[in-house]
Amino acid sequence: MTTAGTARDTTTRTGPGAARQHTLRERNLELVARAVFEVPEPLSRAGVAAATGLARATVSTLVDQLVAARLVRELPAVTGGRAGRPAVPLVPAPRSVVGLGLEVNVDYLGVRVLDLTGDVVSERVVPGALHDSDPAVVLGRLGELAREVTDGVAASGMTVAGARLALPGLVDPRTGLLEVAPNLGWSSLDPVPLLGLGDLAVRIANEAKLAALAELAGGSDVAAPDSFIFVSGDVGIGGAVVVDRALFLGERGWNGEIGHVVVDPAGPRCSCGAFGCLEQYAGKEAMMRAAGLPPDSPLAALVARLAQTGAAAGGAQALPAGRALGSALADFVNLLDVGTIVLGGAYAELLPWLRADVEAVLADRVLAAPFVDLHVRAAQAGPHAALTGGAREVLRAVLAAPAAWV
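Because the structure is a prediction, the values reported are computed rather than measured. (Residues numbered from 1 in each chain as written. Predicted model: local features only at pLDDT ≥ 70, side-chain atom pairs only at ≥ 80, totals over all residues. Heavy atoms only, no water.)

Student: Explain the pattern of salt bridges here, please?
Tutor: Oppositely charged side chains can form a pair if their charged atoms are brought close together. Evaluated as defined, the whole model comprises 17 salt bridges. Between Glu30 and Arg34 there is a salt bridge; the shortest N-O distance is 3.1 Å. With Glu30 and Arg34 both in helix H2 (residues 21–37) and 4 residues apart, this pair spans about one turn of that helix. Taken together, the shared-partner salt bridges in this structure form one network comprising Arg27, Glu30, Arg34 and Glu38. (Salt bridge = Lys/Arg side-chain N within 4 Å of Asp/Glu carboxyl O. Helix = DSSP H or I, 4+ residues; strand = E, 2+ residues; numbered from the N terminus.)

This is the structure in structure tokens:
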């Protein structure tokens, strides 16, 4: 056997501990891609080499491949006032490879496309009344919206890398099944085939968890904390726990169902079948009824009604949901020892009328309250954050395996 043949055999074995050359290249591509995407200011090839510890020649070759794959873009060269070759800054490529976020919620369907820079390049959000709806009809309509949007971005030269479907209930990402979504009236459902999106890779996830991931990505000048409890308030109330910038998922990924924490065992029956769940006091429809508005009123109507009361600092009189929400949150904080609470969905806009009661109950009921600072803040990721979180998860998978695009 020749020396060349021996070397080839050594680098292509697949047994345990084998050194595979293409695996090393894949890892180096990921290192270079992350170096480009995860810095606040653009790096040159030399900067990427310094950040990754790779040889400059290796970095240059890998960057060329990422540029050819339309994952990375080169900006005009800058001299920096020093002798030598001008530096070429590297940035994520805009409007090239894109991620698709999809969502079914109780009162809307949504589609959003993000590119590698994080910009929204297309979206559709359609209001609807989807209580006890037919999943085949609803998901078929969402699939139509998705095709309309993806056909448009494809015609502009963009490539859709995949999709994440956000659902308001218990989902099993391992099997792709929706176990139950009480407010939709859906259960034991395989939702992806009903979208009719053909070969497009679609995975499902819980709405609140995707919204929490969108929060991690930022969206304002206020940086996201490393650990927080995220609560998404809508008709239903979902939650997620983030610890050290990663989702804490529990055994099956079904944690965070704060909307079904019982705040009054003698309270009204919930759509889940229990009595006195938080959703019956602090869900959007419950808050509308408490304010004397029709349950299906838009959030703007509730905000206008609350503003008329002039009681932004006196939550109990204007929005009784605050104390119920604070009670459920206190249980979570006592159990989890996470002191920052991020309120998203409708709660982000309603926080001026919720804050006083939520903070008062936390101070009364959290055992550690005298010794730690408890922070309640509004989410920064913007409306329909699960759409953003879903699209970002698709793009995160692209960056985790850029070799598939080279």
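Text resumes after the structure shown.
Student: I keep staring at the packing of helix H12 (residues 321–336) against helix H13 (residues 346–365) and nothing clicks. Help me out?
Tutor: What describes two packed helices is the angle between their axes and the distance between those same axes. Closest axis-to-axis distance for the H12/H13 pair is 7 Å, and the angle between their directions is 55°. One finds that H12 runs oblique with respect to H13. The chirality of how H12 crosses H13 is right-handed. Only Tyr347, Leu354, Asp357, Val358, Ala360, Val361, Leu362 and Arg365 of H13 make contact with H12, whose side of the interface consists of Ala321, Gly322, Arg323, Leu325, Gly326, Ser327, Leu329, Ala330, Asp331, Val333 and Asn334. (Axes fitted to C-alpha atoms, helices over the stretch in contact; angles between N-to-C directions. Parallel < 35°, antiparallel > 145°, perpendicular 65-115°, else oblique. Left-handed = near helix turned anticlockwise from the far one by under 90°. Contact = heavy atoms within 4.5 Å.)

Student: What's the story with the sheet that holds strand S6 (residues 159–167) in this structure? I'm lost.
Tutor: Adjacent strands of a sheet form backbone hydrogen bonds with each other and so pair up, either parallel or antiparallel. What the 5 strands build is an open sheet, ordered S5-S4-S3-S6-S10; its pairing is mixed. A single partner strand is all that each edge strand has here, and the edge strands are strand S5 (120–127) and strand S10 (202–206). Each neighbouring strand pair of the sheet contributes to a mean axis angle of 15°, computed without reference to strand direction. With 6 bridges joining them, strand S3 (residues 97–105) and S6 adopt parallel strand pairing. The partner of Leu102 across the bridge, within S6, is Leu165. Where helix H5 (residues 135–155) meets the sheet, its contacts fall on S3, strand S4 (108–115), S5 and S6, and the angle it forms with S4 comes to roughly 25°. Docked against the sheet, helix H14 (residues 385–400) engages S3, S4, S5 and S6, running at close to 145° with respect to S3. (Pairing = 2+ DSSP bridges.)

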